[in-house]
Structures are given as C-alpha cells and as structure tokens.
Amino acid sequence: MKNISVLFTLFSVMASAQVPSLTDEIAFTLSQKPLHCINQEYPNKTAHVINGEVDVKLSPKELHPSFYGCFDWHSSVHGHWMLVKLLKEKPSLKNREELFAVLDASFQPEKVKAEAEYFTKYQVAKNFERTYGWAWLLQLDAELSTWDHSKAKLWHKNMKPLTDVVVSLWKDYLPKQTYPNRTGVHPNSAFALGFAIDWARATGEKTFENSLVEKAKYFYLNDRKTPAYLEPDGSDFFSPSLEIADLMTRILPEKEYEKWFDTFYEKRSLENISQIPIISDINDYQTVHLVGLSFTRSWCMKNISQKLPKNNKSKIQLEKTATKFLENALPLVFQGNYGGDHWLASFAVYALMK
C-alpha cells in the first residue's frame, strides 16, 4: 500500500508540470530510498578480495564503516551524494533533520579514516571501485566543497583523507590507462572522466584537470560513426556512446563540438538510442539496470542539447527525448525490489537536476 501511495503522489506531481522537475514533494519521496538503505548492511556485495582466513570473517561494516549500506560501496557513496544534494538544493525538506543525522554519522572522522586506509591496507585494494566508485566519491566531495553550510564544511574536512587517497590513486592510474573501457556498466571510462573533470574544476585542481582532458581527447577525439545502433547490452545502465558525447561537452568549444558530434553519430544510431529500453523483469538485479539507462540517457542528452547551437537539427530532438526518458523511468524507481531500491533514486535526482 505504501508504494501505491508513493506512486500516486509521484504521478500527481508529474501531471501538474509539463517537464518532470525536482519539486519538494518528489525530493522528499526520492530521499526515502537512500535514507532507508544507508544503514542497511545486508544483503551486501562487498567486492572485497579475500587475502586470508581473517578477511573471511570481516563484515561489510568492518570493511567500510562509512559506506557499508545500500548493497555495495559505490551505491552507498552516491546515496550519500544524493542526500547532500537534496539538503543543499532543498533546505526546507520536511525530513531534513533525519538526513543531517544520517550523514553526520557517516562522515565521522574515524570512520572516513578507516575508509581511506582500506585502499592501502589490503592486497589488490588499490583497484577497489576503480573508477566508477572513485567518480562518485569525487562527485560527493565536490558537492560538499561547494556548499556554504557549517555541516558541509565539517564533513568536507572529514572526507579529505579519503578524497586524497582516491585522487592520488587516480593520478597514478591515469598515465597507465592505455585504452578506454567502453562498457555500459560500472567500468565505463567516459563517465568517470567526466565526473573527475567536474571535481577538478570545482576544487581548482588544474593540473589534474589538464591530465583528464588530455586523456579524454586521446581516447575519443577521433571517434567516428560510433556503433550505437548495437546498444544496449542486457544489463546496461550507461549508453557507451552517450557517455562519450556527454564527456566531450566538457572539453570542446561549441563549434568544434558540433563538428565532432555530427561525425560521431549516424542517423540509425541516434534513432536507436532514442528508444525506451524494454524492462522484462524489474525485480531482476541486472535487468533493472535498464531503468537506470533511461536516467543516464536523459542527463547525457540534456547536456548535449545544451551544448549544440540553436540551428543544429539534433538539438530539439535530444531535449524532447531526454524528457521522454525521464518521464518513463521516474515512476519505475518505486516498482521493483532492493535491486533497484538501493541505487536508482540517486540517478533520478541527478537526471532531474540537469
């Protein structure tokens, strides 16, 4: 009955506006998802490489005292980002005190220090969450660093040891990353590079920004006729081609970008990625990824549309399609099981805020 009530509220709010937007009511409704799972330890996919018998006995909370909930580390991180974003953008949220309390508990200095130490404490841990989780961690840090609030300043200070470790690992890895990962799931390189560039610009890390931009150009500047007519794979939550096109909006001036974009996509590819994904089983932990695909396609298309000049034939169509994806996916956040509950709301908020 609770889900039916939530859906009724959501549909009512959406029906009152031409384009879905992050109203106070939708923000409150979406906030319930990470709020309820950030402190939920099980079920859990730790992704921890077991080095010996001692490791077998370690619980998710022992491994990751700040980000143990929401099924996996990266989902917990972007769940935290979402709550920070909502508090920052919606200071009058009716559950704001509950959100502050949850975040305050996660950002305790001793917990964050343990998170930072994880990356050097265990064998192979330097590869942990590379680079998807790293990207969301920097997105979280960027949100805190640009929020003029006493709590945000404290949390940002407490987060510094973990942020420093991730940035250091990324700086070490970037020169060694010879080839991009063009998958539609977590290891996608274009998505991570985009978020890393956003963080570098928000925090004034110019040298790191330049390295990221040069790597992006090396990977994608000469791409032509991307085979997006083959998308998606069965568990994609990223469009490999749109993530590249979205990344390049951060790098190329308008005229150069338009020229690049028009050689990157063929008509059949644009037509294909404009189709709503078919969700055959929303309760399947992999198939539900396709709901997230609608959100990521939406935010990429919005960014691309804003970058293209007014007379470009794709501009208006991309904007309309972005809205279509958002309208389709938003109600689905509340129709599945924990396979979607632990992460989809944060994707919805990111798409709504673009």
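Read on for an overview of the structure.

Calculation criteria
Residues numbered from 1 in each chain as written. Predicted model: local features only at pLDDT ≥ 70, side-chain atom pairs only at ≥ 80, totals over all residues. Heavy atoms only, no water. Helix = DSSP H or I, 4+ residues; strand = E, 2+ residues; numbered from the N terminus. Rg over C-alpha atoms; globule rule 2.2 N^0.38 Å. Buried < 20%, exposed > 50% of the residue type's maximum accessible area, 1.4 Å probe, protein only. Contact = heavy atoms within 4.5 Å. Areas by Shrake-Rupley, 256 points an atom, 1.4 Å probe, with all protein chains shown as cover. Lys, Arg positive; Asp, Glu negative; His and termini not counted. Charge placed at Lys NZ, Arg CZ, Asp CG, Glu CD. Phe/Tyr/Trp six-rings, centres within 6.5 Å; stacked < 30°, edge-to-face > 60°. Lys NZ or Arg CZ within 6 Å of the ring centre and 35° of its normal. Salt bridge = Lys/Arg side-chain N within 4 Å of Asp/Glu carboxyl O. 1 Å grid on protein atoms, 1.4 Å probe; cavity = no way out; pocket = protein on both sides within 12 Å on 5 of 7 lines; lining within 4 Å. Points joined across faces, edges and corners; volume = space filled by probe spheres on them. Nonpolar A, V, L, I, M, F, W, Y, C, P; charged D, E, K, R; others polar.

Concerning the overall build of the chain
Along the chain, the regular secondary structure elements total 18 helices and zero strands. Its C-alpha atoms give the chain a radius of gyration of 20 Å, near enough to 20 Å, the size a compact globule of 354 residues would have. Considered along the principal axes of its C-alpha atoms, the chain spans approximately 55 × 50 × 40 Å. Evaluated residue by residue, the chain yields a buried proportion of 56% over its 354 residues. Partitioning the intrachain contacts of the chain with sequence separation of at least 6 by distance along the chain shows that 76% fall at a separation of at least 24. With an accessible surface of roughly 15600 Å², the chain has 51% of that area assigned to carbon and sulfur atoms. Here the chain contributes 42 positive and 41 negative side-chain charges, whose respective centroids are spaced 5 Å apart.

Some remarks on the packing of aromatic side chains
Under the counting rule described, the total for this entry stands at 40 aromatic pairs. One aromatic cluster in this structure is built from Trp81, Tyr132, Trp136, Phe191, Phe195, Phe237, Phe238, Trp299, Trp343, Phe347 and Tyr350. A cation over a ring is seen here: Lys94 above Phe28, with NZ or CZ 4.3 Å from the ring centre. For Arg130, the ring lying beneath its charged end belongs to Tyr173, and the centroid distance is 3.9 Å.

Section: the side chain of Asp246
For Asp246, the location among the structural elements is in helix H12 (residues 240–249). Not counting the four nearest positions on each side in its chain, Asp246 is found in contact with Trp299, Cys300, Asn303 and Ile304.

Focus: the pattern of salt bridges
Counted according to the given criterion, the structure contains 18 salt bridges. Between Lys176 and Asp172 there is a salt bridge whose closest N-O contact spans 3.2 Å. Its salt-bridge partner being Arg250, residue Asp246 comes within 3.2 Å of it at the nearest N-O pair. The same class applies to Asp246 as to Arg250, namely buried.

Thoughts on the layout of surface pockets
Here the largest pocket is characterised by a volume of approximately 440 Å³. What lines the largest pocket is a set of 23 residues, among which Lys45, Asp72, His74, Glu129 and His186 lie closest to the centre. Sort the elements by how many residues they give to the lining of the largest pocket and helix H5 (residues 73–89) lands first, with four residues. Considering only residue class, the lining of the largest pocket consists of nine nonpolar, 10 polar and four charged.

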